[in-house]
Amino acid sequence: MFHIGYAEREQARPKVKTKTKNETKMRKITIAIDGHSSCGKSTMAKDLAREIGYVYVDSGAMYRAVTLYALQHDIIQDGAIDEERLKDSMGDIVISFLFNPEKGRPDTYLNGQYVEDKIRTMEVSSMVSPIATLPFVREAMVEQQKRMGAEKGIIMDGRDIGTTVFPDAELKIFVTASAEVRAQRRYDELTAKGETCDYNEILKNVQERDYIDSHREVSPLRKADDAITLDNSNLTIEEQKQWLLREYERVADCRKPEQP
Ligand code: DC
């Protein structure tokens, strides 16, 4: 059976100072953040998690780790996925997260190896959407994600968090931005890491992933009916961070009546 070494869920939690008077008045909730690729979901989610001491889980990193495993074991060859072999290998894939205090977010590990950088390369990006369409992969991921969130106090981002993983989340956000803005952000991110890349290739990859993510049969990307949409095309990171913090306080503040 596929499993994720996340019994140590606490390893992914930022260590926060003693609770302030205000924090003690906050009820523990579940926050689901969905949206298109490279729209800044992870940045805003991890910043909020650090600020309020919640566990942050980047569910996309889990699909990326499975993709990396498949590439490393020649389960993907020339763009073709050997689905039977991947299915049989699922029990050998152990994904875990460990909070990195320097970066202020958890890093991803695959079978005990640090893979945070390897799962963000173009090679993985170009194969992750087809891997994420496979029902047996999704089933295994969703089961683990639900377990991680059983105690609340979690922020998870992805594509199907508000619709499938945590349909009862108290706060659901659907983030969007134009494909061009997202491609530019991804380009800046990769070049800052020293990776050589081409803007047009990235834009094409972003558009292809949008299409596959929104049109797949199992859990396609769509806004949950009760999610709030945030278009951050023209917002700075700081502005969206403040916006999310206000939304969290609006929903979690015990002094305010519970939302219907
Ligand atoms: O968020 P990301 O770009 O790192 O996600 C990588 C891929 O994984 C993306 O193509 C969609 C897929 N994904 C998914 O299908 N469901 C999720 N909950 C998260 C990611």
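Since this is a predicted model, take the numbers as computed values, not measurements.

**Digging into the sheet that holds strand β11 (residues 228-231)**
- One open sheet holds the 5 strands; their spatial order is β3-β9-β2-β10-β11, and the pairing between them is parallel. Whereas interior strands pair on both sides, the edge strands pair on one side only; in this sheet they are β3 (55-58) and β11. Recorded for the sheet is a direction-independent mean angle of 20° between the axes of neighbouring strands.
- Helix α1 (residues 41-52) rests against β2 (30-35), β3, β9 (154-158), β10 (171-176) and β11 of the sheet, and its axis sits at about 175° to β9.
- Relative to the sheet, helix α2 (residues 59-72) contacts β3 and β9, its axis offset from that of β3 by approximately 45°.

**What about the confidence of the model for the protein chain?**
- Averaged over every residue, the pLDDT of the protein chain is 88; the share at 70 or more is 89%.
- Taken together, the stretch residues 1-8 has pLDDT below 50 and engages in 31 contacts with residues farther than four places along the chain or on a different chain.

**Concerning the pairing of strand β6 (residues 94-100)**
- Counting buried positions along β6 yields 5 of 7 residues, so the element is predominantly enclosed.
- Here β6 pairs with strand β7 (residues 105-110) via 6 bridges, running antiparallel. Its bridge partner being in β7, Phe99 is matched across the sheet by Pro106.
- Joining the antiparallel neighbours β6 and β7 is a turn of 4 residues, in which Gly104 adopts a positive phi near 75°.

**Quick notes on the side chain of His36**
- Along the polypeptide, His36 turns up in the loop between β2 and α1.
- Among residues more than four places away in sequence, those in contact with His36 are Lys41, Arg159, Val175, Thr176, Arg182, Asp210 and Leu221.

**Observations concerning the packing of α2 against helix α4 (residues 122-132)**
- Where α2 contacts α4, the axes come no closer than 8 Å and their chain directions differ by 105°. It follows from the interaxial angle that α2 and α4 lie roughly perpendicular. Two secondary-structure elements touch here, α2 through Tyr63, Arg64, Val66, Thr67, Leu68, Ala70 and Leu71 and α4 through Glu123, Val124, Ser125, Met127, Val128, Ile131 and Ala132.
- Tallied by class, residues from the contact of α2 with α4 come to 10 nonpolar, 2 polar and 2 charged.

**Focus: the environment of Lys28**
- Inspection of the secondary structure assignment puts Lys28 in the loop between β1 (3-4) and β2.
- Through-space distance from the C-alpha of Lys28 to that of Tyr54 is 9.0 Å; in sequence the pair is 26 residues apart.
- The residues contacting Lys28, other than those within four sequence positions of it, are Tyr54, Glu151, Lys152, Gly153 and Glu170.
- A distance of 3.4 Å separates a polar side-chain atom of Lys28 from the backbone oxygen of Glu151.

Cut-off values and rules
Residues numbered from 1 in each chain as written. Predicted model: local features only at pLDDT ≥ 70, side-chain atom pairs only at ≥ 80, totals over all residues. Heavy atoms only, no water. Pairing = 2+ DSSP bridges. Helix = DSSP H or I, 4+ residues; strand = E, 2+ residues; numbered from the N terminus. Axes fitted to C-alpha atoms, helices over the stretch in contact; angles between N-to-C directions. Contact = heavy atoms within 4.5 Å. pLDDT = per-residue confidence, 0-100. Buried < 20%, exposed > 50% of the residue type's maximum accessible area, 1.4 Å probe, protein only. Parallel < 35°, antiparallel > 145°, perpendicular 65-115°, else oblique. Nonpolar A, V, L, I, M, F, W, Y, C, P; charged D, E, K, R; others polar. Polar contact = N/O pair within 3.5 Å; in protein donor to acceptor, adjacent residues only side chain to side chain.

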